[in-house]
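Geometric and topological summary
Next come the chains, spelled out residue by residue.
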Amino acid sequence: MIRGKICIVEDDAILSKVLVEDLTEAGFEVSSASDGEKGLELVDSKKPDLVLLDILMPKKNGLEVLAAMKGSPALQSIPVILLSALGSDDDIKRGLILGATDYIVKSEHAMNEVVDKVKSFFEKDQHPQAVTMGQP
Amino acid sequence: MHNIYSVTLANRRKVAENTYEITFDFSKENFTFRSGQYIWVTLPEMLFPDVRGDVRAFSIASSPDAPERVSILTRASESGYKKTLLAIPLGSEIKVSGPFGFLSLPEKNTRPVVLIAGGVGVAPFLSMLRDAVTRKSDQLIILLFSNSSEEWTPYRDELERLQRENPHITILFKVGEIDNKFIQEATKELQWPLWYVMGPEAMVNHMGMILSNMGVPDGDVHYEEYSPFFYREKGVFSENSFLEKGALRTGIESSASQIILTDPDGKIFYANPAAEKITGYAISEMLGQTPRLWGGLMNHAFYENLWSTIRRDHRTFNGQVTNRRKNGEQYVAVVHISPFFSKDGKLAGFVGTEEDVTELFRAKEDAMRLARIVESSVDAIISCDPNDNIISWNPAAERLFEYKAEEMVGKSIFMIAGDKKEEMIANRDRVRGGAIIQDARSERKRKDGAVMTLLGSLWPIYDANNNFIGISILYHDISRDEALRHLESQFIATASHQLRTPLTGIQWVVERFLKTEKPSERARGYLQDIHDSVMRLGALINTFLNVSRIEGGKISIIPISIDAVSFVGDYLKECEPLFAQKNQTLTFEKNQESIKMTTDQDAFRNIIQSLVSNAIEYTPDEGNIKVTLEEQGDNLMFAVSDTGIGIPDVARDFIFAKFFRAENAKLFKADGTGLGLYIASEDVKLLGGTITFVSEVDHGTTFTIIIPLITKPVASDVKYPLEGPIDG
């Protein structure tokens with residue numbers, strides 16, 4: 001049973017691979033892109049239920065991708081969870097201001113927790129306007 | 001004009017206990033003087049020996065309207081001179097020189113006069129008061145007259161009579177020392193008085209100090225200094241008599257310069273006490289030795305030159321020499337060595353003087369060193385005279401302001417003021433008042449008009465007499481510092497980010513491996529070790545990153561609504577394994593079940609994390625840790641108490657400094673960044689709160705923070721390159 005469609009935009013191949021494997025095993029349909037530009041194209045073609053979006057990336061960074069999505073009528077309602085390398089990051093705050101649904105500090109979470117967070121996202125009301133500031 | 005007079009001892013009478021008035025008959029001479037002046041009195045023969053010789057100075061106590069009978073005052077003492085003066089028969093012929101001195105009252109004076117006398121120091125004032133009564137002067141005069149006892153107070157009756165006869169005269173007697181309070185009380189009604197002080201040296205010095213402390217200008221206070229030079233010039237006494245009485249010897253013995261006499265071979269046969277003081281050798285050790293005893297440090301050519309000058313050429317040698325005291329310490333001296341000759345013209349020996357100029361020499365060296373420092377300083381150092389004109393402008397100032405020294409010296413310092421002239425004037429006035437200004441951040445204008453941000457320090461310059469003679473200014477260019485700091489924090493931020501990603505990679509791969517590959521128990525243990533190391537490394541990088549963010553001003557405060565009780569409670573729950581590991585007891589006290597606050601949770605978490613993890617780390621096993629949370633009005637109080645190692649007193653002032661670790665902390669736990677409390681205190685500042693602690697070594701520490709329940713948002717000063725709409 002497919003629980004939902006997820007796009008992962010993450011430039012680190014290893015992190016991306018592990019995330020794809022784990023989420024696929026958990027029953028999601030997962031596709032990935034390795035930079036911001038490709039990511040935006042992927043999101044545009046897949047119209048996923050959730051985007052996991054890294055912030056520091058080549059070509060277009062995550063915040064630019066997010067801003068582009070929020071500026072596009074077709075993509076603006078797709079929820080985005082930011083992936084950040086570090087906590088206490090101003091980029092996270094900017095991302096939340098730009099309309100990201102939540103964020104995950106990669107280094108502070110075990111893989112399981114990331115997957116749990118994604119699962120619980122799908123269990124919650126997914127309406128993009130129901131934005132809560134992130135809790136790690 | 002002064003002259004030498006032959007007079008006779010006319011009268012001697014006791015005027016108080018131990019105190020005598022001596023009157024000389026000047027009727028055969030044509031002598032005049034002003035009240036306040038003094039004379040030198042040479043005795044015809046000394047009935048009792050006195051190393052100070054046969055001549056002394058005395059102020060005239062009698063009134064100038066009776067110049068044919070001049071009286072002086074003296075106390076009886078053990079000095080040979082005084083004993084002779086009180087013993088020689090009336091009618092003895094005495095040589096007197098005078099009058100000298102400038103202690104007299106000014107002729108046209110509307111200012112009140114305060115006379116302060118101790119003992120027979122009253123003599124010149126007695127003359128003044130007698131004169132004032134005779135002339136019916138309307139000069140306002142107060143005499144403050146101190147003596148050690150009633151019995152020792154001379155002329156009490158006469159002074160009281162003078163006071164009655166002239167209503168402008170007031171006399172206050174004092175038994176014992178005149179003090180500040182007495183003077184203040186006696187003179188409080190007086191407007192801007194002139195002051196005259198006479199008495200024993202110690203008393204005069206003491207009065208000088210009191211008056212100076214009262215703010216009386218030096219020029220308004222008059223003393224007398226008996227000067228022997230007038231006397232000597234006039235040849236009142238023969239050089240010989242002076243010598244015989246030991247005055248020359250006394251002079252040499254009390255000289256601060258070292259004086260030694262040697263025979264033609266350089267063997268010392270006389271050395272004065274200053275020689276002992278300077279060289280450290282006792283006179284007995286020096287006698288028979290040559291000055292090589294403390295010399296010999298200079299090169300061969302120096303001594304060659306010295307000996308050929310004094311022995312061959314019979315000239316005086318002058319030079320600066322480095323010698324060594326008995327205790328091994330070297331000193332710098334200016335020496336003069338001259339040959340002296342017997343009556344038949346043969347070389348009889350050498351007289352050498354040494355003056356210890358080590359201090360002076362060092363001061364000169366210091367001044368030169370200082371000059372080199374100023375020259376080579378990277379900070380602009382400028383000095384100005386009291387009229388704000390530039391006196392010096394160092395090379396760094398030339399580079400910073402792009403004006404050459406020759407363009408600026410003599411010009412007004414306000415040339416670099418830009419629009420900060422008013423601020424500069426205010427600073428200048430503060431410094432004139434004695435203040436020192438340190439590292440004040442401001443802006444100054446460069447030659448091309450560019451405005452630079454600088455840290456300025458200003459301090460007053462005084463001459464040796466403590467007169468204000470100008471201002472020194474140091475400007476430190478901080479644009480370079482700021483650029484460097486920015487680079488540094490950017491580097492740390494980038495490095496931390498870059499390091500973080502592969503670490504997360506290791507962490508997640510390890511987790512995946514454990515989940516999918518079913519490793520053996522041993523392999524599982526190794527993987528767990530890898531995982532733990534990665535987590536520790538990650539925490540360390542987080543700490544560094546936090547510092548770089550604080551330094552770079554990159555932190556923005558975005559307050560959101562949280563419940564402090566559950567926020568802190570959740571964190572403490574996460575720490576449970578750590579408490580358990582050390583068998584520590586945790587208590588969590590709160591005065592409410594829920595405390596709503598609006599704060600930046602990243603900053604708040606950093607604070608809690610730093611204080612709680614420190615408490616765990618620096619408290620020995622089995623210790624107690626108490627976390628307290630209280631809503632206090634508009635503030636939240638969060639405190640962490642432990643029974644740990646404590647903070648030593650010497651570390652108190654540095655405990656929040658970056659990278660600082662107290663000595664006992666280093667001993668207790670070798671690793672540690674010294675950044676936790678720094679980050680916590682900076683975060684408390686960002687939240688608009690305060691952090692304090694009380695601590696006792698080996699007993700424990702309590703850190704308390706108070707932060708507002710509602711924190712205002714603060715935007716970071718970093719601009720983000722974003723296009724497109726931002727709505728939040």
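Report on the accompanying structure. (Residues numbered from 1 in each chain as written. Chains lettered and ligands numbered in written order. Predicted model: local features only at pLDDT ≥ 70, side-chain atom pairs only at ≥ 80, totals over all residues. Heavy atoms only, no water.)

**Section: the overall build of chain B**
Summing up its helical and strand segments, chain B has 22 helices and 28 strands in all. Once local pairs closer than 6 in sequence are excluded, the contacts in chain B between residues at least 24 apart make up 63%. Accessible surface computed for chain B: about 38,400 Å², of which carbon and sulfur atoms make up 53%. (Helix = DSSP H or I, 4+ residues; strand = E, 2+ residues; numbered from the N terminus. Contact = heavy atoms within 4.5 Å. Areas by Shrake-Rupley, 256 points an atom, 1.4 Å probe, with all protein chains shown as cover.)

**Details of empty space enclosed by the protein**
Residue and element names in this part refer to chain B. Tallied over the entire structure, the rule returns four cavities of 30 Å³ or more. Empty space within the second largest cavity amounts to approximately 120 Å³. Around the second largest cavity sit Cys384, Asp388, Ile413, Phe414, Met424, Asn427, Arg428, Arg444, Leu458, Ile471, Ile473 and Tyr475, which together line it. Elements with a contribution of two residues or more to the lining of the second largest cavity: helix H15 (421–432) and strand E21 (468–477). Residues belonging to the lining of the second largest cavity are distributed by class as follows: eight nonpolar, one polar and three charged. (1 Å grid on protein atoms, 1.4 Å probe; cavity = no way out; pocket = protein on both sides within 12 Å on 5 of 7 lines; lining within 4 Å. Points joined across faces, edges and corners; volume = space filled by probe spheres on them. Nonpolar A, V, L, I, M, F, W, Y, C, P; charged D, E, K, R; others polar.)

**Re the packing of helix H2 (residues 36–46) of chain A against helix H3 (residues 62–70) of chain A**
To characterise two packed helices, one gives the angle between the axes of the helices and the distance between these axes. Residue and element names in this part refer to chain A. Taken N-terminus to C-terminus, the directions of H2 and H3 make an angle of 30°; their axes are 9 Å apart at the nearest point. With respect to H3, the element H2 is oriented roughly parallel. Crossing handedness for the pair H2 and H3: right-handed. Residues Gly36, Leu40 and Val43 of H2 form the contact with H3, whose participating residues are Val65, Ala68 and Met69. (Axes fitted to C-alpha atoms, helices over the stretch in contact; angles between N-to-C directions. Parallel < 35°, antiparallel > 145°, perpendicular 65-115°, else oblique. Left-handed = near helix turned anticlockwise from the far one by under 90°.)

**Some remarks on the side chain of B:Arg444**
All names here are of chain B. Turning to its location among the elements, arginine 444 is positioned in strand E19 (residues 437–445). In this structure the side chain of arginine 444 is engaged in a polar contact, spanning 3.3 Å, whose partner is the side chain of glutamate 423. In this structure the side chain of arginine 444 is engaged in a polar contact, spanning 3.1 Å, whose partner is the side chain of serine 442. Apart from residues no more than four positions distant in its own chain, arginine 444 is found in contact with Phe401, Ile416, Ala417, Lys420, Glu423, Met424, Ala450, Val451, Met452, Leu454 and Tyr475. (Polar contact = N/O pair within 3.5 Å; in protein donor to acceptor, adjacent residues only side chain to side chain.)

**Section: H15(B)**
Residue and element names in this part refer to chain B. The first and last C-alpha atoms of H15 sit 16 Å apart over 12 residues, in line with the 16 Å expected at 1.5 Å per residue. Looking at H15, one finds that the buried residues are Met424, Asn427, Arg428 and Val431. Down the axis, H15 shows its buried residues gathered within 100° of arc, on one side only. Summarising the contacts, the buried residues of H15 are in contact with E19, strand E20 (451–462) and E21. Of the residues trailing H15, glycine 434 is marked for its positive phi of about 105°. (Expected span 1.5 Å × (residues − 1). Buried < 20%, exposed > 50% of the residue type's maximum accessible area, 1.4 Å probe, protein only. Arc of directions from axis to C-beta.)

**Overview of the packing of helix H1 (residues 13–25) of chain A against helix H5 (residues 111–123) of chain A**
Residues and elements named next belong to chain A. Packing of H1 against H5 leaves a shortest axis separation of 10 Å and a crossing angle of 55°. By the angle between their directions, the pair H1 and H5 is classed as oblique. Helix-helix and strand crossings are classified by hand; for H1 and H5 the assignment is right-handed. Taking contact as the criterion, the partners of Val18, Leu19, Asp22 and Leu23 in H1 are, on H5, Met111, Val114, Val115 and Val118. Looking at the contact of H1 with H5 residue by residue, the classes come out as seven nonpolar, no polar and one charged.

**Some details on the packing of aromatic side chains**
Residue and element names in this part refer to chain B. Under the criterion given, the structure shown has 21 aromatic pairs over all chains. Ring centres 5.4 Å apart and planes at 40° place the aromatic pair phenylalanine 693 and phenylalanine 703 in the tilted group. Of this pair, phenylalanine 693 sits in strand E27 (residues 690–696) while phenylalanine 703 sits in strand E28 (residues 700–708), and the two are 10 residues apart along the sequence. Residue classification places phenylalanine 693 among the buried positions, given a relative accessible area of 13%. Through pairs of rings, three or more aromatic residues link up here, namely Tyr5, Phe26, Phe31 and Phe33. Above the ring of phenylalanine 173, the side-chain terminus of arginine 156 is found at 4.1 Å from the ring centroid. (Phe/Tyr/Trp six-rings, centres within 6.5 Å; stacked < 30°, edge-to-face > 60°. Lys NZ or Arg CZ within 6 Å of the ring centre and 35° of its normal.)

**Notes on the nonpolar core**
Residues and elements named next belong to chain B. Of all hydrophobic cores here, the largest spans 43 residues; its most connected members are Phe604, Leu611, Val612, Leu636 and Phe638. Those elements giving two or more residues to this core turn out to be strand E22 (560–563), helix H18 (564–574), helix H20 (601–617), strand E25 (624–632), strand E26 (635–642), helix H22 (676–686), E27 and E28. If one sorts the elements of this core by residue count, H20 sits on top with eight residues. Non-local contacts of phenylalanine 638, meaning those with residues more than four positions away in its chain, are made with Val568, Ile608, Leu611, Val612, Val627, Thr628, Leu629, Phe703, Thr704 and Ile705. Formed by 27 residues, the second largest nonpolar core is a distinct cluster that contains Met128, Ile141, Tyr155 and Leu162. (Core = buried A, V, L, I, M, F, W, Y, C linked by side-chain atoms within 4.5 Å.)

**Observations regarding the sheet that holds strand E5 (residues 69–75) of chain B**
Residue and element names in this part refer to chain B. On the basis of which strands lie adjacent, the open sheet formed by six strands has the order E4-E3-E6-E1-E2-E5 and antiparallel pairing. Of all strands in the sheet, those bounded by a partner on one side alone are strand E4 (55–59) and E5. Averaged over all adjacent pairs, the angle separating strand axes in this sheet is 40°, with direction ignored. For strand E3 (residues 38–42) and strand E6 (residues 93–100), the ladder comprises four bridges, and the chain directions are antiparallel. Bridge pairing in E6 places tyrosine 38 opposite phenylalanine 100. Strands strand E1 (3–16), strand E2 (19–25), E3, E4 and E5 of the sheet are contacted by helix H1 (residues 80–87), whose axis makes an angle of about 70° with E4. (Pairing = 2+ DSSP bridges.)

**Considering the pairing of E4(B)**
Residues and elements named next belong to chain B. Of all five residues in E4, five are buried, a share of seventy percent or more. Taking every second residue as pointing to the same face, both faces of E4 are buried, with Val55, Ala57 and Ser59 on one and Arg56 and Phe58 on the other. Bridge analysis of E3 against E4 gives five bridges, and the strand direction is antiparallel. In the strand pairing of E4, tryptophan 40 is matched with alanine 57.

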